[in-house]
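Residue-level structure breakdown
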Amino acid sequence: MASDDTEDKGSRIAPPEVPAFRRLFEARWIIVAFAALLAILALTGVVGWTPALVLLGGLVFFVALIGRSGSVARPASVSRPTEQIWPETGIKLFSEALPDPCMVLDRRGVVRFANSRAIAAFSIRPGDPLAFRLRVPDLLAAFDRVAKGGPAEGVEFAERVPTERWFAAWFAPFDAGHRQGNFIALILDDLTERHRSERIRVDFVANASHELRTPLASLAGFIETLQGPARNDTEARERFLGVMQEQANRMSRLVDDLLSLSRIEMKQHVRPSGEVDLCSVIRHLGDALEPLSSEMKVTIESDLPDAPVLVTGDRDELIQVFENLLENACKYGQSGGRVEVSVNPAREEEGPSVTVRDFGPGIPAEHIPRLTERFYRIDVDASRKHRGTGLGLAIVKHILARHQARMSVDSRPGEGAVFRVIFPQGAARAASASREIDETIQTVTVS
């Protein structure tokens, strides 16, 4: 019994005592109404003035004492809990330990905590509404259902800007035993590589089967001829073997370009973090392409500033970009006799840029919008003559998308073509800041 009494007392909470004048003030309208009723009864003669005053005094005395003696303790379990605004430390530590982006939302959809992976992937901060960053109707509808007491729910969605990415979102209330739990966890799984792999596999099969059909048919025809009518024809055999070698080399280049394009697409959503000097890249390519330009009888003229022009990027991929542009300028602008390449530092209105100009026949305006399509060729015969695969500018487009850069093409028939690659303005600042930090660390380490 003693334990029951103790438990009963511990489970009840007595409200604080309210002063008498406070209780009278809160009941003032009842007292005024009762006094008015007694006055009317006294004026009409129903009751006398003395009984009326006694009744009024009794009411006042009762109101003054009811808070002292009539207080009833309430069970602590029915007292209204204080609403939490921010998640506790345990929830934050658990969210930070997850390998995927995780956000902790309140029931209004406001982000109360985001782990480092979520901040890096979505640039979202605590206090931001989820709808400000992820404006996906299916995602927000799933959150509303969970926030209203529904069970945990998952949904897949895609983001199109700045690059196409796919995610699987999982909403789950932290307090599963309470219908109106305080917080909801949002865990995001990046499905981009999986979707890209599926698309690349389909595209590779379609493109490879289309482009490889012609050289394979040629090889099959030559082999059949050499096994039959030209079996003992030495001259024909030598000629056919030369053509077969050329077709085999074409297939090898095509497969190499397809694999290169696939690798670039796989990591297109991952931003490069290295530091690249554009002037150094162009100097390297000037030396590397000298045999090709000499063979084509084309002079490559470079206009480079004295100071380095730094951007954030992948050096090997940027070499691939400008090698492709310079090779195209030498091959298809061969009649002009020279190619100009210039590097321009960042300016107030735009970031660093590289311009490649040839003085050949130019590109008709109707072809310019489709230049970066896979296997698109302005002149099929000229492309095959220069051993082109039709994938060069498609590779350039995907590499520049990964670097958040853009390319413009300006050309008029008979006046050559100008390809200009413009990097984001913040790229030079980020690279310079990274370089200054490295130099500072080295200085501190030496001292």
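An account of the accompanying structure is given in this report. Per chain, residues are indexed from 1 in the order of the written sequence. Local features in this predicted model are restricted to residues of pLDDT 70 or higher, and side-chain atom pairs are both shown and tallied only at a pLDDT of 80 or more, whereas totals for entire chains, interfaces and linings draw on every residue. Hydrogen atoms and water are omitted, and side-chain values are computed over all heavy atoms in the structure.

1. Section: the overall build of the protein chain
- Starting at the N terminus, helices and strands are each numbered in turn, a helix being any DSSP run of H or I of at least four residues and a strand any DSSP run of E of at least two. Looking only at helices and strands, one finds 16 helices and 14 strands in the protein chain.
- Across the 447 residues in the protein chain, those meeting the buried criterion constitute 35%.
- Throughout, a contact is declared for two residues whenever any of their heavy atoms are within 4.5 Å. Partitioning the contacts of the protein chain with sequence separation of at least 6, the portion at a separation of at least 24 is 64%.
- Every accessible area reported is derived by Shrake-Rupley at a probe size of 1.4 Å, with residue values counting cover from the shown protein chains alone. On the protein chain, roughly 26,500 Å² of surface is accessible, and the fraction owed to carbon and sulfur atoms is 56%. Using a 1.4 Å probe on the protein chains alone, a residue whose accessible area is under 20% of its type maximum counts as buried, one over 50% counts as exposed, and one in between counts as partly exposed.

2. Examining the pattern of salt bridges
- One speaks of a salt bridge when a side-chain nitrogen belonging to Lys or Arg is within 4 Å of a carboxyl oxygen belonging to Asp or Glu. Scanning the model with the defined rule gives 13 salt bridges in all.
- As a salt-bridge pair, E159 and R133 come within 3.0 Å of each other at their nearest N and O atoms. With E159 in strand 5 (residues 153-159) and R133 in helix 7 (residues 130-133), the pair connects residues that are 26 residues apart, well separated along the chain.
- Note that R402 and D314 form a salt bridge whose closest N and O atoms lie 4.0 Å from each other.

3. Looking at the sheet that holds strand 6 (residues 165-173)
- Two strands qualify as a pair provided DSSP detects at least 2 bridges between them. In space, the 5 strands of this open sheet follow the order 4-3-7-6-5, with antiparallel pairing throughout. Edge positions in the sheet fall to strand 4 (111-114) and strand 5, since each has one partner strand and no second. Across this sheet, the average inter-strand angle for adjacent strands is 25°, counted without regard to direction.
- Of the strand pairs in this sheet, strand 5 and strand 6 are connected by 7 bridges, and their pairing is antiparallel. Following the sheet pairing, E153 is matched in strand 6 by F171.
- All axes here are fitted lines through C-alpha atoms, helices being fitted over the stretch that makes contact, and every angle between N-to-C directions spans 0 to 180 degrees. Where helix 8 (residues 137-147) meets the sheet, it contacts strand 3 (102-106), strand 5, strand 6 and strand 7 (183-190), and its direction lies at approximately 160° from that of strand 5.

4. Side note on the pairing of strand 4
- Summarising the sheet, strand 3 and strand 4 pair through 3 bridges and their orientation is antiparallel. Considered in strand 4, the bridge of V104 is made with F113.
- Linking strand 3 back to strand 4 in an antiparallel pair, the connection comprises 4 residues, with G109 at a positive phi of about 90°.

5. What about the packing of aromatic side chains?
- Any pair of Phe, Tyr and Trp rings, taking the six-membered ring for Trp, is counted once the centres come within 6.5 Å. Such a pair is stacked with planes under 30 degrees apart, edge-to-face with planes over 60 apart, and tilted for the rest. What the rule picks out here adds up to 4 aromatic pairs.
- Seen from their ring centres, F143 and F171 are 5.8 Å apart, and the 55° between their planes marks the pair as tilted. Residue F143 is found in helix 8, and its partner F171 is found in strand 6; the two are separated by 28 residues along the sequence.
- Between F157 and F167, the ring centres sit 5.7 Å apart and the planes meet at 25°, which makes this aromatic pair stacked. With F157 in strand 5 and F167 in strand 6, this residue pair connects regions lying 10 residues apart in the sequence.

6. A short note on the packing of helix 13 (residues 315-332) against helix 15 (residues 392-402)
- Interhelical geometry of helix 13 versus helix 15 gives an angle of 145° and a closest axis separation of 9 Å. When the axes of helix 13 and helix 15 are compared, the crossing they make is left-handed. Between helix 13, through E317, Q320, V321, N324, L325 and N328, and helix 15, the contact on the second element is made entirely by G392, L393, I395, V396, I399, L400 and R402.
- Residues were grouped as follows: Ala, Val, Leu, Ile, Met, Phe, Trp, Tyr, Cys and Pro as nonpolar; Asp, Glu, Lys and Arg as charged; and all remaining residues, including Gly, as polar. When grouped by side-chain class, the residues that make up the contact of helix 13 with helix 15 number 7 nonpolar, 4 polar and 2 charged. Rotating anticlockwise by less than a right angle from the far helix to the near helix defines a left-handed crossing, while the corresponding clockwise rotation defines a right-handed one.

7. Quick look at the side chain of R402
- Relative to the helices and strands, R402 resides in helix 15.
- Judged by relative accessible area, R402 falls into the buried class, the value being 7%.
- In contact with R402, other than residues within four places in its own chain, are K267, Q268, V270, R271, P272, D314 and E317.

8. Some remarks on the side chain of S293
- Secondary-structure assignment places S293 in helix 12 (residues 290-296).
- The buried category is assigned to S293, whose relative accessible area is 8%.

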